[in-house]
Structures are given as C-alpha cells and as structure tokens.
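# Close look at the chain arrangement
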Amino acid sequence: MKKKISVIFGTRPEAIKLAPVILAAKANPHFKCKVCVTAQHREMLDQVLKVFKIKPDVDLNLMRPNQTLAGLTARAIRGIDTYLAQEKPDMIIVQGDTTTVFCAALCAFYHKIPIGHVEAGLRTGNKYSPFPEEANRVLATHLSTLHFAPTQKARQNLLQEGIAPERIFVTGNTVIDALFLARDKIKKKPPAIPQLCKSILQSSQQLVLITGHRRENFGKGFQNICKAVKTLAQRFPETQFVYPVHLNPNVRKPVYSLLGNQENIHLIEPLGYLPFVALMNRSTIILTDSGGVQEEAPSLGKPVLVMRDTTERPEAVDMGTVKLVGTNVNAIIDNAAKLLTDKKAYSVMASAVNPYGDGRATERIVTTFLQFTNSLDHKH
Ligand code: UD1
Ligand code: UDP
C-alpha cells in the first residue's frame, strides 16, 4: 500500500526548500504525497507555488496583516490539528524553523504521527537570535523522528542534544536542489524583472542586492541598515542598489521612509524565485539577514555580508565567502565599500563554494522516507 506523506509548510523559504522534495515524492510510486499549507505567508508563498507548479491539497489561509506570534500559533495549531485528524498521514514532513514548523511538529506529536524534519540541527546557541527561530528549531528537533541535517556541523549539534545517531541523515540542504532547478529554468527562459529597467540589468555597473526581514533587527537594526545603504549609495553613485522589500510592515515602514528618495536605490516588491536567482547572479555583492540567501549565494560565487550578530550557518563563513558584519552602520559601510573598491579583497570572497550541498539532498531524503515508512509495516 502507498504510504501517505503530508508535507506542511507556510512561508516563502519553506516552499522553496520543500519544492524539490514534494516534486520527488509526488513522482515516487510508493508515496501518496499531500500538501497542506498554513499560508503563514500569502503572496510570497503563492509566488513560489506558482514557479514549481505545486497545488496545495489543503490551504489553511492563516496569514493576517502584521500578525503576532501567539495569534498565528493559535490559528496554526487549530488548523493543523483538524487537518491531521482528517488526513491521518503515515508521516509528516516539515522544513526549518518557522512558527508553522513548530506548530505542525507539535500537532503531529499529539497525533503520534512520525515527523521528518528537513534542515535539522542549525543552531546559534542563543534562543533570542534568531528570534523566535532558534527556539522553534530546538523544539521541532525534540518532537521529530527523522532529522535531515544539511551539514556535518548540524549533525554534531543534534548529537550534542542527545539525538540518536541512527536518526540523523546528513543530506545537504535542499535549497541547493531548488537553486539548480531554478538555474535550469532560467537557462531555458531568462525571467523578466519588470520592476527594474533593462539598462540596470544589462549594464556592467556594480549592483548591490539587499534583503532583510529578521525580527531581531526590527527598530534600531533596520534603521542602521537603511542608514548604511543610503551612505553607500551616496558614496558610490555609479553603483545600483536593488532591494526587494519583504512584505512585513515592520520592514516596509523604515525601508520606504528612509531609502525612498535616492536615484540609485531601487526599492521593489518581493521577486519571484526565478527573477530573484537571476538578480543574485547579476549582483556584485549581497547584503542580507536572510538564511536561504546565505546558503545560495556561495554557490553562485557572490560575496555575502550578513547583517546579523549571529549565524547558524558558519560553513560559508569558515570558507570565506560569507562575512558576519552585524548591524553597526560603520561596519556595514566599511565592509561593503572594501568589496566595491578592492579587487583583491573581492576576489578572495567571490570564489564559488558549495558547503550546503551538491543538489542531491532530495534524493537522499526520499530514500530515507521509503526505508522508514517500510519499517513501520514491519513493526505492526
Ligand atoms: C517568517 C518566519 C521567519 C522566516 C520568514 C521568511 C516565523 C516566526 N517567522 O517571518 O522564520 O525567516 O518568514 O520570510 O515563523 N506578509 C504579507 N504577505 C506575505 C508575507 C508576509 O503581507 O506574503 C506580512 C503580513 O503582514 C504578516 C507579516 O508580513 O503578518 C509577518 O509575516 P510572518 O510570517 O509572521 O513573519 P516574517 O517576518 O515574514
Ligand atoms: N527570495 C525570493 N525573492 C525575493 C527575496 C528572496 O525568491 O525577493 C528567496 C531567496 O532566494 C531564498 C529565500 O527567498 O531562497 C529566502 O527567504 P527569506 O529571506 O524570506 O527567508 P529566510 O531564508 O531568512 O528564512
């Protein structure tokens, strides 16, 4: 009999990183793969579902404008609990560390349904950074049955927390699988970016790509990031600064009010995954606090300055393509200015490295699901 797997997710990065897994599980004759989205993100989730042609079987449509963590948690627990009671999957799959992940893991635990956790074992060791993700992923770990660690470091973190070695599988990160799928699609048909005039994309001018959304950067952190970007844009008038602004109002307010009036700063709406990958490829350097971008950019040979005080992704920092600069105005300006002016410093950071995977994480994950779900039969 086919095993019923439910993949549950809610935000843009979860959708990107689970898309290859969903496509592979749906194509595998041993599984009946169902997709349930909380839609913790609405527009940004739908952008990804469209690219990968994934149609959710159930859409809980939970997002509210400027939602609170507790409000979203309450809605997600209620919605996912009802879904699991009706669907009764043999196993659920979650990815990462969002509120959706924690709620899905808790509900599945209450229903005694085994949980496969993709991108398990990332840790900073500081429960307030990133907030609330560090706590979400620790809690998800201790509720999960199978742990798909992207790297050896992540595996070590799990072992240190007492997770049994036979439950941990080092697979690489599925984001690299998604990135390779995106690169293939882009090669076949280069995506348009109507929000940016063609001359910016086609010129040889330097381009700085910026993204940011972390809760611990709300307030002072975002004000500093904006001050730094504005100063850089004034100091480098020939360089284009492109910032696809996250839809969270706590991000949009400071960004639009502080960066709105500078000719070489382009504030645009969040991009679909294909145009965003194309833009990463076109960029000279990337300033970000995003997790996924820290994993993708090293594969593309793009130096990344991470505007956070901690990272749970030390691998690319160790390899020298990612640098943690925090949210101090001068630190952001000095590090970015060096990369934009010092060819030697740039080339040291711009070598393409792939510490997060070889594009075959999905294959390893699906093989493990199969072995695990078969073992469930032998137990009964
Ligand atoms: C969430 C995740 C974070 C992840 C990030 C990826 C939690 C607690 N946070 O943060 O781990 O890194 O997504 O981007 O799970 N909004 C829209 N449309 C959208 C998406 C968001 O309008 O498509 C606005 C809404 O007003 C929403 C707000 O952004 O209430 C915040 O969304 P939420 O998912 O709670 O938090 P993020 O900061 O996006
Ligand atoms: N991304 C995208 N469009 C954008 C900005 C980012 O498709 O305008 C992609 C990016 O390539 C990466 C993911 O979204 O795969 C990262 O999402 P985000 O930064 O929101 O979340 P995080 O990774 O920090 O959890």
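Only a predicted model underlies this, so the values are computations on that prediction, with no experimental measurement involved. (Residues numbered from 1 in each chain as written. Chains lettered and ligands numbered in written order. Predicted model: local features only at pLDDT ≥ 70, side-chain atom pairs only at ≥ 80, totals over all residues. Heavy atoms only, no water.)

## A look at the overall build of the protein chain
What the protein chain contains, in helices and strands, is 16 helices and 13 strands. Along the three orthogonal principal directions, the C-alpha set of the protein chain runs to about 70 × 40 × 40 Å. Looking at the 380 residues of the protein chain, the share that counts as buried comes to 59%. Surface accessibility of the protein chain: about 16100 Å² in total, with carbon and sulfur atoms responsible for 54%. Of the side chains in the protein chain, 48 bear a positive and 32 a negative charge, and the two mean positions are spaced by 3 Å. (Helix = DSSP H or I, 4+ residues; strand = E, 2+ residues; numbered from the N terminus. Buried < 20%, exposed > 50% of the residue type's maximum accessible area, 1.4 Å probe, protein only. Areas by Shrake-Rupley, 256 points an atom, 1.4 Å probe, with all protein chains shown as cover. Lys, Arg positive; Asp, Glu negative; His and termini not counted. Charge placed at Lys NZ, Arg CZ, Asp CG, Glu CD.)

## Remarks on the site of ligand 2
Around ligand 2, the structure places 15 residues, and the nearest of them are Leu-271, Ser-290, Gly-291, Gly-292 and Glu-296. A distance of 2.7 Å is found between a nitrogen atom of ligand 2 and a backbone nitrogen or oxygen belonging to Leu-271. Separating an oxygen atom of ligand 2 from a backbone N or O atom of Gly-292 is a distance of 2.7 Å. In isolation ligand 2 offers 540 Å² of accessible surface; the protein chains occlude 95% of this area. (Near = heavy atom within 4 Å. Polar contact = N/O pair within 3.5 Å; in protein donor to acceptor, adjacent residues only side chain to side chain.)

## Brief notes about the site of ligand 1
In the vicinity of ligand 1 there are 24 residues, among which Gln-40, His-41, Glu-43, Arg-64 and Glu-133 approach most closely. Arg-214 is positioned such that a nitrogen or oxygen atom in its side chain is 3.1 Å from an oxygen atom of ligand 1. Here an oxygen atom of ligand 1 and a side-chain polar atom of Asn-248 are 3.0 Å apart. For ligand 1, whose accessible area on its own is 750 Å², the fraction buried by protein is 95%. When the residues that make up the shell around ligand 1 are grouped by side-chain class, the tally is 8 nonpolar, 10 polar and 6 charged. (Nonpolar A, V, L, I, M, F, W, Y, C, P; charged D, E, K, R; others polar.)

## Quick word on the pattern of salt bridges
Side chains that carry opposite charge are capable of pairing whenever their charged atoms lie near each other. Counted by the stated rule, this structure contains 21 salt bridges. Close ionic contact of Lys-338 with Asp-342 constitutes a salt bridge, the shortest N to O distance being 3.1 Å. Under the relative-accessibility criterion, Asp-342 is labelled partly exposed at 24%. With its nearest N and O atoms 2.8 Å apart, the salt bridge here joins Arg-360 to Glu-363. On the basis of relative accessible area, Arg-360 is assigned to the partly exposed category, the value being 42%. (Salt bridge = Lys/Arg side-chain N within 4 Å of Asp/Glu carboxyl O.)

## Quick word on the packing of helix 7 (residues 174–188) against helix 11 (residues 273–282)
Look at helix 7 against helix 11: their axes get within 10 Å of each other, and the N-to-C directions meet at 90°. Looking at the two axes, helix 7 sits roughly perpendicular to helix 11. Taking contact as the criterion, the partners of Val-175, Ala-178, Leu-179, Ala-182, Lys-185 and Ile-186 in helix 7 are, on helix 11, Tyr-273, Leu-274, Val-277 and Ala-278. Here the residues of the contact of helix 7 with helix 11 are counted per class, giving 9 nonpolar, no polar and 1 charged. (Axes fitted to C-alpha atoms, helices over the stretch in contact; angles between N-to-C directions. Parallel < 35°, antiparallel > 145°, perpendicular 65-115°, else oblique. Contact = heavy atoms within 4.5 Å.)

## Focus: the sheet that holds strand 2 (residues 31–37)
Think of a sheet as strands paired side by side through backbone hydrogen bonds, with each pair either parallel or antiparallel. With parallel pairing, 7 strands are arranged side by side in an open sheet as 3-2-1-4-5-6-7. For this open sheet the edge positions go to strand 3 (58–59) and strand 7 (168–170), each flanked by a neighbour on one side alone. Looking at chain direction, strand 2 and strand 3 are connected through 2 bridges and run parallel. Bridge pairing links Cys-36 to Val-58 in strand 3. Seen against the sheet, helix 6 (residues 152–160) touches strand 6 (146–149) and strand 7 and runs at an angle of roughly 165° to strand 7. (Pairing = 2+ DSSP bridges.)

## Brief notes about the nonpolar core
One recurring pattern in soluble globular proteins: nonpolar side chains tend to sit buried together. Core analysis: the largest hydrophobic core is formed by 60 residues, its most contacted members being Phe-9, Tyr-273 and Phe-369. No other element matches the 7 residues that helix 1 (residues 12–27) contributes to this core. Counting residues in each nonpolar core, the second largest holds 33 residues, with Ile-210, Ala-228, Val-229 and Tyr-243 among its members. (Core = buried A, V, L, I, M, F, W, Y, C linked by side-chain atoms within 4.5 Å.)

## Some thoughts on unusual backbone geometry
For the bond running from Ser-129 to Pro-130, omega is 0°, close enough to zero to count as cis. For Pro-130, the location among the structural elements is in the loop between strand 5 (115–118) and helix 5 (133–143). Here the bond from Phe-131 into Pro-132 is cis, since omega is 0°, no more than 30 degrees from zero. Checked against the element boundaries, Pro-132 lands in the loop between strand 5 and helix 5. A positive phi is found at Ala-39, a non-glycine position, where the angle reads about 55°. Here Ala-39 lies in the loop between strand 2 and helix 2 (43–51). On the basis of relative accessible area, Ala-39 is assigned to the buried category, the value being 0%. The phi torsion at Lys-53 lies on the positive side, around 55°, for a residue other than glycine. Tracing the backbone through its elements, the reader meets Lys-53 in the loop between helix 2 and strand 3. Looking at Lys-53, the relative accessible area reads 72%, which means it is exposed.

## Section: the layout of surface pockets
Considering only enclosed or pocket space, the second largest pocket measures out at about 260 Å³ in volume. As for the second largest pocket, its lining consists of Gln-47, Lys-50, Val-51, Lys-53, Lys-185, Gly-272, Tyr-273, Leu-274 and Pro-275. Every element with two or more residues in the lining of the second largest pocket is listed here: helix 2 and helix 11. For the lining of the second largest pocket, the per-class residue count stands at 4 nonpolar, 2 polar and 3 charged. (1 Å grid on protein atoms, 1.4 Å probe; cavity = no way out; pocket = protein on both sides within 12 Å on 5 of 7 lines; lining within 4 Å. Points joined across faces, edges and corners; volume = space filled by probe spheres on them.)

By themselves, these observations are geometric and do not establish any function.
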